Amino acid sequence: MLIYSMSVTLDGYVTDRAGSFGWSAPSEEQFRFSLAQIGELGAYLCGRRLYETMLPWETDPLMRRTALGDAFADVWAALPKVVFSRTLDRVEGNARLATRPVPAEVAAAVAGTDRDVSVGGADLAAQVIALGLLDEVRAFRNPLVAGGGTPFLRPVEEPVPLELVDTRTFAGRVVYERYRVLRPAQDPAVRPA
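Residues numbered from 1 in each chain as written. Predicted model: local features only at pLDDT ≥ 70, side-chain atom pairs only at ≥ 80, totals over all residues. Heavy atoms only, no water.

Asks: Would you take a moment to explain the packing of aromatic side chains for this structure?
Replies: What describes a pair of aromatic rings is the distance from one ring centre to the other and the angle between the planes of the rings. Scanning the entire structure with this criterion turns up 11 aromatic pairs. Note on F33 and F170: the rings are 5.1 Å apart at their centroids and 55° apart in plane angle, and the pair reads as tilted. Taken together, the residues span a long stretch of sequence, with F33 in helix α1 (residues 28-39) and F170 in strand β9 (residues 162-170) at a distance of 137 residues. Neither F33 nor F170 differs from the other in exposure class; each is buried. The structure contains a cluster of three or more aromatic residues connected by ring pairs, namely F31, Y44, W57, F72 and W76. K81 extends its terminal NZ or CZ atom over the ring of W76, reaching a point 4.8 Å from the ring centre. (Phe/Tyr/Trp six-rings, centres within 6.5 Å; stacked < 30°, edge-to-face > 60°. Helix = DSSP H or I, 4+ residues; strand = E, 2+ residues; numbered from the N terminus. Buried < 20%, exposed > 50% of the residue type's maximum accessible area, 1.4 Å probe, protein only. Lys NZ or Arg CZ within 6 Å of the ring centre and 35° of its normal.)

Asks: What is the right way to read the nonpolar core from this model?
Replies: A general feature of soluble globular proteins is that nonpolar side chains tend to end up buried together. Ranked by internal contacts, the top residues of the largest apolar core, which has 43 residues, are L2, Y4, L45, F72, W76 and F152. If we skip the residues at most four places from it in the chain, Y4 touches V14, V119, G121, A122, A125, L134, E136, V137, R138, F152 and L153. Ranked by size, the runner-up nonpolar core spans 5 residues in total, among them F33, F140, F170 and Y176. (Core = buried A, V, L, I, M, F, W, Y, C linked by side-chain atoms within 4.5 Å. Contact = heavy atoms within 4.5 Å.)

The following block contains the structure:
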């Protein structure tokens with residue numbers, strides 16, 4: 001299964017106008033939940049910005065100051081990652097640069113594991129959604145109206161029907177929403193012609 005999961009503002013942005021996402025710092029409960037979700041993955045596909053943001057979890061000993069941080073760093077470092085970038089010529093940690101088009105890299109990642117694969121980064125997710133490859137969307141909706149920034153979901157050519165399959169609230173602030181992408185045969189609103 002291919003999953004897109006990110007923290008997002010109430011008005012649908014993964015970063016604010018300045019490119020910041022400091023508002024998305026998780027509570028301990030949410031951090032543990034995310035740790036468990038990432039621990040279930042077999043691979044992670046990400047864009048350059050997300051790769052660079054997450055790289056300290058593999059390279060910076062300060063990220064291991066707490067038991068929870070140490071556990072997350074272990075899980076993240078062990079997770080194979082494919083980085084999509086037009087500007088990087090090398091990557092560090094348990095990552096490799098994508099060398100094939102998005103559909104081929106997605107197919108290889110999904111075929112290379114018996115676990116779920118996650119897509120991180122709004123630009124990459126937009127490509128995967130446009131190709132019809134996504135199976136689930138997971139949003140950690142934060143109580144902030146950013147008023148602009150990087151949108152969680154880009155405009156699409158055709159509607160993508162979803163079914164809400166899970167919700168949860170963390171620290172009375174962040175609402176987790178999990179949606180399954182409905183294929184035409186699963187969507188009761190789509191009838192064969």
